[in-house]
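Next come the chains, spelled out residue by residue.
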Amino acid sequence: MDLTKAKHRYVALDSLRGVCACMVVMLHFQTQGRISALPIIQHGFLFVDFFFVLSGFVIGSSYGERLREGFSVPRFMALRLGRIYPLHIVMLMVFLAFEIVFALFWPTLANREPFTGTQSVAAFIQSLFLVQIFFGPDATPWNGPSWSIAAELWTYLIFALLLRYRARWLLPVCGVIVIGAPIFLALNTDRFLNVFHDGALVRCLFGFALGMVGWRCAASAHAIRVAGWVDHLIELVVVATVMMFVSLAGAGPLSLAAPLVFLISVLVFAREKGICSRVLKLAPFVLLGTLSYSIYMIHGFLYYRFLNGLAVAQRFLGVDLIVRVDGHSQVGGTALFGDGMTLLFVGIVVLCSVVSYRLVEMPGQRLARRLVNGRDLRASHGPPS
């Protein structure tokens, strides 16, 4: 039996991960259009906390009992690295290649000196080893979204050690984190939950701990028996509540409640019994779920290249296709043009994600499984220790 496989795949939750990844894409792809102006898009950074909560829930469901029963922590971490690192390193090298090209041929194209600021050599090395959240500056260096991958990696290790050696402390430790994390974030930053460097690990621990609590409660939630229409209603209410919450919370104090809101949504959709779950199990949403990690990790690079393309088109057409807002470039033109570009860009990201999933993610995961399983097989036939 291959113990690297999860016991159950939560298809609706996986699809929700894909939807949330697309929301993050639209958050970063700022235009003058109506889509970018929507509060739920403007505050889309909160959907990263859905990833953290869901990650804690899924890791608990897949590995929690096995870690408690003696599953190797190094083996667990090797499998997790095999899941996240191949695409991370590929994208980091792609960013590096373009930085070198800019430095050699178009040093003014990026409106900054090559290899400075968030694209410095030091920041590259930190990103390479996924420790960028522990060093300055308070920014998102190189491939910006990778900050959350770094936070998750160290969170995996913390909880794997806890489950392996002190499993009975899981819920008390989660309780301390759930109480202490929002207090820490409220006292140590003026951005509350919208942190990606100072406080990033605490932010991830907060959501992940709630996900672990959700894992321990999942069986009870699933066992609840209600009429079919009640399940439909509950899912519709949860979707409406999440949309309203994200739209209103922003980066203010209310954002600290986001992981709790997402925990409720995870428990509801883990049941997979309502009409929204049925929709999320349709092929297009399942595809988004499958591609969610690629969507999240490659969209930043594609956004910069999209702007480069618009800059070239702008010179030939004599039309302002790019504008500067608060020191950052974004898509200009009319509102209708901006909305069209948003939809086009999301489509491009999804199509490119199919390629990165097949050429990078899947081979990387297969290699990690072969290496880990092969090592365990050799060990099982080796001399006694």
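Residues numbered from 1 in each chain as written. Predicted model: local features only at pLDDT ≥ 70, side-chain atom pairs only at ≥ 80, totals over all residues. Heavy atoms only, no water.

Student: What is the right way to look at the nonpolar core in this model?
Tutor: Grouped burial of nonpolar side chains is what soluble globular proteins tend to show. Grouped together as the largest cluster of nonpolar side chains are 115 residues, with contacts concentrated most on L13, F47, F57, F76, F159, M212 and I295. Of all the elements, helix α13 (residues 283–317) adds the most residues to this core, at 14 residues. Not counting chain neighbours up to four residues away, the residues in contact with F47 comprise C20, M23, V24, I40, V242, V246 and F262. (Core = buried A, V, L, I, M, F, W, Y, C linked by side-chain atoms within 4.5 Å. Buried < 20%, exposed > 50% of the residue type's maximum accessible area, 1.4 Å probe, protein only. Helix = DSSP H or I, 4+ residues; strand = E, 2+ residues; numbered from the N terminus. Contact = heavy atoms within 4.5 Å.)

Student: Is there a simple way to think about the packing of aromatic side chains in this case?
Tutor: Each pair of aromatic rings is reported with the distance of its centres and the angle of its planes. One pass over the full model with this rule turns up 23 aromatic pairs. Geometrically, the ring pair formed by F52 and W147 is edge-to-face, given 6.0 Å between the ring centres and 80 degrees between the ring planes. Residue F52 is located in helix α4 (residues 47–68), and its partner W147 is located in helix α7 (residues 146–165); the two are separated by 95 residues in the primary sequence. In this structure, F52 and W147 share a single accessibility class: buried. Arranged with centres 5.3 Å apart and planes meeting at 75 degrees, the rings of F124 and W142 form a pair that is edge-to-face. With F124 in helix α6 (residues 121–128) and W142 in the loop between α6 and α7, the pair connects residues that are 18 residues apart, well separated along the chain. By relative accessible area, which is 12% here, F124 ends up buried. Look at W142 and you get buried, because its relative accessible area is 1%. Three or more aromatic residues joined by ring pairs form one cluster here, namely F29, F95, F98, F102, F301, Y303, Y304, F306 and F345. For R66, the ring lying beneath its charged end belongs to F71, and the centroid distance is 5.8 Å. Between the NZ or CZ atom of R166 and the centre of the ring of W169, over which it lies, the distance is 5.5 Å. (Phe/Tyr/Trp six-rings, centres within 6.5 Å; stacked < 30°, edge-to-face > 60°. Lys NZ or Arg CZ within 6 Å of the ring centre and 35° of its normal.)

Student: Looking at this structure, how should I read helix α5 (residues 73–105)?
Tutor: Structurally, the α-helix is built with 3.6 residues per turn, so residues lying three or four positions apart point the same way. An ideal rise of 1.5 Å per residue puts 48 Å on 33 residues; α5 measures up with 46 Å between its terminal C-alpha atoms. Along α5, the helix axis deviates most sharply at I84, where the bend reaches about 40 degrees; the proline P86 sits within four residues downstream. For α5, the N-terminal cap is S72; the gap from its side-chain oxygen to the backbone nitrogen of R75 is 3.2 Å. (Expected span 1.5 Å × (residues − 1). Bend = angle between axes of the 7 residues up to and from the residue. Polar contact = N/O pair within 3.5 Å; in protein donor to acceptor, adjacent residues only side chain to side chain.)

Student: Can you help me understand the packing of α5 against α7 in this one?
Tutor: Helix-helix packing is characterised by the crossing angle of the two axes and by the distance between the axes. It is at 10 Å that the axes of α5 and α7 come closest, and there the two elements cross at 170 degrees. It follows from the interaxial angle that α5 and α7 lie roughly antiparallel. Between α5, through V73, F76, M77, R80, L81, I84 and H88, and α7, the contact on the second element is made entirely by S146, I149, L153, Y156, L157, A160, L161, R164 and Y165. Considering only residue class, the contact of α5 with α7 consists of 12 nonpolar, 2 polar and 2 charged. (Axes fitted to C-alpha atoms, helices over the stretch in contact; angles between N-to-C directions. Parallel < 35°, antiparallel > 145°, perpendicular 65-115°, else oblique. Nonpolar A, V, L, I, M, F, W, Y, C, P; charged D, E, K, R; others polar.)

Student: Please clarify how the packing of α7 against α13 should be interpreted in this entry.
Tutor: Where α7 contacts α13, the axes come no closer than 9 Å and their chain directions differ by 125 degrees. One element, α7, and the other, α13, form an angle in the oblique class. For the pair formed by α7 and α13, the contact residues are S146, W147, S148 and I149 on the first element and Y293, Y296 and M297 on the second.

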